[in-house]
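Topology and contacts: notes
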Amino acid sequence: MDEADLVIYGRYVVTLDSCNRVISRGAIVVRNGVIVDVGREEDVRGKYNAKEVVERRDHIVVPGLIDCHTHTQQYLLRSAISDEMLQLPPIWTKVLVPFERAMGKDLAKLSSRASIVNMLKNGITYFVEAGAPYPEILAEEVLASGIKGVVTYATYDIIEEKIAEPEDVFNRFEKFYREYSGRGPNLHVWASLRQVMMVSEKLMSEVIEFSRRHGLGITLHLGEYQGEVDYVLAKHGLRPLEYLIKCGINKINPVIIAHGVYFSPREISILRNYGLGLCWCPSVDSWLMGIHWIGLADVKGLKLGIGSDGGAWNRLDLLHEMKVAKALAKAVSTSITYFKAHLDSNTLINMVTGAAGSLVNEKIGRIEKGYSADIAILSIRDVRNMPIHNPVDTIVNYLEGDSVTDVIINGKLVVKDRKVLTIDEERVAKELLNREEEIREMVVELIKKLRTRTGSS
């Protein structure tokens, strides 16, 4: 018998592999954090001497989910943003960034840790941070928790009328990279460009060139609202993504563009031609920006993912976001073209696993030999989810984060029977409750300043 570290048995194994197999009574064999065999239980059982066996007879086993756009240090704003505040133009410079700037290191740590607990319990094994004000704190939490994370420093030197020195911002980004790059197999350091209107040409040039030279990925916000498009057109005579191509962002790999709601047909072609990644955040994009063109586009050849945009807006539940995405896309497609089959379940489940890991250029997002053993296990032992005719449709249309029972990252259990093993969840919950009043006072003070500036009552 061959040696193995872990064997997982499930009622269904949704592989998303090159053959897109769904295996009934399936088994997955793991050695040294990597999948070494996948097949039917009857073909695998008896072939391996495993140190640990996980049997989940009433469950669907899927690749770990990938949140390709989140803000871990905005978590403490959860339920603080009212419908009235959504009207502020734009809310990120009026609420989100000021809150981040006012937050101290202790609250940044609590926010990061709470975000990671939330993600793990929802089956997320990999996330991409959009730009943390305290990236060092987040990096330490990633290393301790076992989750895989791309950590970036919130890189910008312009916010409304205030301008920081580009060199100071760049030096902090470079210092973070030097200190944390290569610190652990689950931690990845990328660059971040917060938003084209918030980054000077000098800082953008330095970040892009540094990323190209050191082989770093870049993530950025783009195509978020009409004012941004008008600003870039007026200043550069180009639309936002066209301008970034001129700046050389196509020389970087990987690139993940968050939102991209206001993209022209030419910009969509640029995504396809250069293999740039796009992360749609269905709930938040709909609340703040509008209907996404994904609902009408031919998505073949596009590298697409789904993100939460952070815990300030939702429960960091990508299984739920898939349902929002499906409803939005079909509503648009059906209303305009009367085509009801657009953005099907197979496309959506590939999006929520990072386009088979291609969004981040890693061997994740598939249950296939040679891929990292990053796996989520979902219970279907609930009358609300039965019967199961098609496991993929069941996941996309019915299961949510509460269905996740176990999470495995690099072949190690980090969530078992719905309990996070690497973080004391009760301690996090207790601290959130104990500091609730302090956090609320921060938000109240922020709202007072906003009302003073906008003249609202």
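An account of the accompanying structure is given in this report. Counting restarts for each chain: residues are numbered from 1 in the order of the written sequence. This being a predicted model, a pLDDT of at least 70 is required before a residue's local features are given, and a value of 80 or more before pairs of side-chain atoms are given or counted; all residues contribute to the totals for chains, interfaces and linings. The basis for every side-chain value is the complete set of heavy atoms in the structure, and neither hydrogens nor water enter the calculation.

In this section: unusual backbone geometry. Of note, the amide linkage connecting Asn253 to Pro254 takes the cis form, showing an omega dihedral of 5°. The omega angle of the peptide bond from Met386 to Pro387 is -5°, so this bond is cis rather than trans. Here Pro387 is to be found in the loop between strand E16 (375–379) and helix H13 (391–397). Even without glycine at this site, Ala356 takes up a positive phi of about 55°. Owing to a relative accessible area of 16%, Ala356 belongs among the buried residues under this scheme. Labels follow the DSSP assignment, with helices taken as runs of H or I lasting at least four residues and strands as runs of E lasting at least two, numbered in each case from the N terminus. Exposed residues in this analysis have more than 50% of their type's maximum accessible area, buried residues have under 20%, and partly exposed residues fall in between, with area computed by a 1.4 Å probe over protein chains only.

For this document, the term salt bridge refers to a Lys or Arg side-chain nitrogen within 4 Å of an Asp or Glu carboxyl oxygen. A full pass over the atoms with the stated rule returns 33 salt bridges. Asp17 is the partner of Arg21 in a salt bridge, and the nearest nitrogen-oxygen pair spans 2.8 Å. Using a relative accessible area of 33% as the deciding quantity, one classes Arg21 as partly exposed. Relative accessible area serves as the criterion here: at 7%, Asp17 is assigned to the buried category.

In this model helix H6 (residues 201–214) runs 20 Å from its N-terminal to its C-terminal C-alpha over 14 residues, within 8% of the 20 Å that 1.5 Å per residue would give. Among the residues of H6, Leu203, Met204, Glu206, Val207, Ile208, Phe210 and Ser211 are the ones counted as buried. At its buried positions, H6 is contacted by helix H5 (166–180), strand E11 (191–195), strand E12 (218–222) and helix H8 (240–247). Where H6 ends, the next residue or the one after it, Gly215, has phi of about 70°, a positive value. To estimate the expected span of a helix, subtract one from its residue number and multiply by 1.5 Å. Note on contacts: a residue pair is in contact if any heavy atoms of the two residues lie within 4.5 Å.

What follows deals with the packing of H5 against H6. Contact pair H5 / H6: the axes reach a minimum separation of 9 Å and the direction vectors enclose 20°. In terms of orientation, H5 and H6 fall into the roughly parallel class. In the crossing of H5 with H6, the sense of the turn from one axis to the other is right-handed. Where H5 abuts H6, its residues Pro166, Glu167, Val169, Phe170, Phe173, Glu174, Tyr177 and Arg178 lie against Lys202, Leu203, Glu206, Val207, Phe210 and His214. Residues belonging to the contact of H5 with H6 are distributed by class as follows: eight nonpolar, one polar and five charged. Every axis corresponds to a line fitted to the C-alpha atoms, with the helix fit spanning only the stretch in contact, and the corresponding angles, defined between N-to-C directions, vary from 0 to 180 degrees. Orientation is classified from the angle alone, with under 35 degrees giving roughly parallel, over 145 giving roughly antiparallel, 65 to 115 giving roughly perpendicular, and any other angle giving oblique. Each crossing gets its hand from how the near helix is turned against the far one by less than a right angle, where anticlockwise is left-handed and clockwise is right-handed. Gly falls in the polar group here, along with every residue not listed as nonpolar (Ala, Val, Leu, Ile, Met, Phe, Trp, Tyr, Cys, Pro) or charged (Asp, Glu, Lys, Arg).

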